[in-house]
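# Close look at the chain arrangement
Okay, here's what each chain looks like letter by letter:
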Amino acid sequence: MVVVKNLSNARRNPLVQRDKDVTVEEVLNSITLAGPLKSLMFAEPGDGACVLVVASEDIAAGLTDKPVWVKGVSWCSDSWYPCKAELGKTEFIRKAAAEAYEMAGIRHPAEEIDIAEVYDDYAFHELQYCEALGLCKEGEGGRFIDSGASEIDGPIPVNPSGGLLGYGNPIGTAGLMRVAQAALQLRGEAGEYQVKNAKLAVAQGCQWPWRAGGVAVLSR
């Protein structure tokens, strides 16, 4: 269902690699890469670049009349050794999110955040990161996607850009692209995949197999 949602969103984004709608059945019937993961459940590698202009408030005032403010940011890493790592959870993202939220003054992310761009290199990672980011309760990622809450017209749109599953995965810059896509939403410049009245966003990136990641909270 994550794949279906993100590829549907990707149809609205002219920069994506995958621009076709799929059904749950088509996802499940795609080639098995490493059971139970299917080929449509992973983001295709791609080539790409991303540039952000970061400036102080005084400088930003002379650059644009639609600035996006960094309200909170944090980074955390975990052990990447399979014998020591808890692969069912992403504690390093939870800790990074907690620090970023504290900096931004966010106490109830599921109620305060308007849009999220998360690192969906594999479809199941979107659900894990939504849990770690506090967009839903731990262990309820499946119910979260089932409820429709993360749809582009839902209360917490997740990856309205199409995410990495649709957008493609330019290794090394994909996390920064999540920040850029969140900024486009807050500036009202996301075109056909624009979320209405987006004022507060969270963007999350990750690096595997080192299990390191960052979280940024942005506002307009």
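Residues numbered from 1 in each chain as written. Predicted model: local features only at pLDDT ≥ 70, side-chain atom pairs only at ≥ 80, totals over all residues. Heavy atoms only, no water.

## Thoughts on helix α6 (residues 123–132)
- Counted residue by residue, α6 has seven buried out of 10 residues, so it is predominantly covered.
- Along α6, the positions that sit buried rather than exposed are Ala123, His125, Glu126, Gln128, Tyr129, Cys130 and Ala132.
- Each element contacted by the buried residues of α6 is listed here: α1 (2–10), α4 (91–104), α7 (141–147), α8 (163–167) and β7 (200–207).
- Residue glycine 134 follows α6 closely and has a positive phi angle near 80 degrees. (Buried < 20%, exposed > 50% of the residue type's maximum accessible area, 1.4 Å probe, protein only. Helix = DSSP H or I, 4+ residues; strand = E, 2+ residues; numbered from the N terminus. Contact = heavy atoms within 4.5 Å.)

## Focus: the nonpolar core
- If you look at the biggest cluster of nonpolar residues, it comprises 31 residues, and the most contacted ones within it are Tyr101, Leu133, Leu135, Phe144 and Val215.
- Elements with a minimum of two residues in this core: α4, α6, β7 and β8 (212–219).
- Considering each element in turn, this core owes the most residues, seven residues, to α4.
- Setting aside residues up to four positions removed in sequence, valine 215 forms contacts with Gly72, Val73, Ser74, Ile93, Ala96, Ala97, Ala100, Leu133, Val202, Ala203 and Gln204.
- Of all hydrophobic cores here, the second largest spans 13 residues; its members include Ala182, Leu186, Val195 and Ala216. (Core = buried A, V, L, I, M, F, W, Y, C linked by side-chain atoms within 4.5 Å.)

## Re the environment of glycine 141
- With respect to the element layout, glycine 141 can be found in helix α7.
- Sequence spacing of glycine 141 and phenylalanine 124 is 17 residues, and the spatial spacing of their C-alpha atoms is 9.0 Å.
- Excluding residues that lie within four positions of it along the chain, glycine 141 makes contacts with Leu127, Glu131 and Cys136.

## Description of helix α9 (residues 174–187)
- Over its 14 residues, α9 runs 20 Å from end to end, which matches the ideal 20 Å to within 8%, given 1.5 Å per residue.
- Of the residues making up α9, those classed as buried are Ala174, Met177, Arg178, Val179, Ala180, Gln181, Ala182, Ala183, Gln185 and Leu186.
- Contacts from the buried residues of α9 go to β5 (115–117), α8, β6 (169–170), β7 and β8.
- Positive phi shows up at glycine 188, right after α9, with a value of about 75 degrees. (Expected span 1.5 Å × (residues − 1).)

## Some thoughts on the side chain of glutamine 185
- Within the fold, glutamine 185 resides in helix α9.
- A polar side-chain atom of glutamine 185 sits 2.9 Å from the main-chain carbonyl oxygen of tyrosine 193.
- When sequence neighbours within four positions are dropped, the list of residues in contact with glutamine 185 reads Ile115, Pro160, Ala190, Tyr193, Gln194, Val195 and Ala198. (Polar contact = N/O pair within 3.5 Å; in protein donor to acceptor, adjacent residues only side chain to side chain.)

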